[in-house]
Amino acid sequence: MGWSPRCRDRLAEDTVGDTESTVQVVNPLARLTKGEVCKVGRDAGLTTSDLESTLSCGKPPSRRSGGPPIANCGVCFPCLVRRSGLLHANGTDGTRYEALPWADDLPLDRSADWRALQRWLGRYTLTDVLTDPPLPPDMDPVVAFDLIRHGRKELERLLRIAAVAEAADAA
């Protein structure tokens, strides 16, 4: 559902390699959140079902030995970003995931990305943007911070959904 700016730059280096080349790899969606990218897809004519049938998972269950025939695990960071993006664009996410990231019975190792996301949403500043892995050479740190702020708003929706699910389980 999209490439990171770092992936784009790496592809350009690997395919073009030569600084004298006139070939450029451009990602016009690089400054959009996942939800904004999904909305662009919807505006281009993709249906909710089209968007939900995409693969974003970093650890696809169907590719694991003995794994279920499900494309997205639901608990890795790419799945968390994917879920928040679909929620932002569609108001819902009907994707079938292997697991819910906030499930009580999820093994500790499989809930690591969820716990990291919860910590990350607890605090993040412009200093973090400047000290994290390098931004693409053409990315203004202020623009990056704004993009991260918008993405955080999308991701925070997952925390609200988890809180509602936990309250329902407790009732």
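The structure this text deals with has already been given above.
Residues numbered from 1 in each chain as written. Predicted model: local features only at pLDDT ≥ 70, side-chain atom pairs only at ≥ 80, totals over all residues. Heavy atoms only, no water.

What about the packing of aromatic side chains?
- In total, this model carries one aromatic pair according to the counting rule given.
- Positioned above the aromatic ring of Y97 is the side chain of R83, whose terminal nitrogen or guanidinium carbon lies 4.0 Å from the ring centre.
- Lying over the aromatic face of W120, R152 brings its terminal NZ or CZ to 5.1 Å of the ring centre. (Phe/Tyr/Trp six-rings, centres within 6.5 Å; stacked < 30°, edge-to-face > 60°. Lys NZ or Arg CZ within 6 Å of the ring centre and 35° of its normal.)

Here we look at the packing of helix α2 (residues 34–43) against helix α4 (residues 77–90)
- Running from N to C, α2 and α4 point in directions that differ by 50°, and their axes come no closer than 7 Å. Viewed along their axes, α2 and α4 adopt a mutual orientation that is oblique. In this structure, α2 meets α4 at a crossing whose hand is right-handed. Contacts from K34, G35, E36, C38, K39 and R42 in α2 reach V81, R82, G85, L86, H88, A89 and N90 in α4.
- Among the residues forming the contact of α2 with α4, the class breakdown is four nonpolar, four polar and five charged. (Axes fitted to C-alpha atoms, helices over the stretch in contact; angles between N-to-C directions. Helix = DSSP H or I, 4+ residues; strand = E, 2+ residues; numbered from the N terminus. Parallel < 35°, antiparallel > 145°, perpendicular 65-115°, else oblique. Left-handed = near helix turned anticlockwise from the far one by under 90°. Contact = heavy atoms within 4.5 Å. Nonpolar A, V, L, I, M, F, W, Y, C, P; charged D, E, K, R; others polar.)

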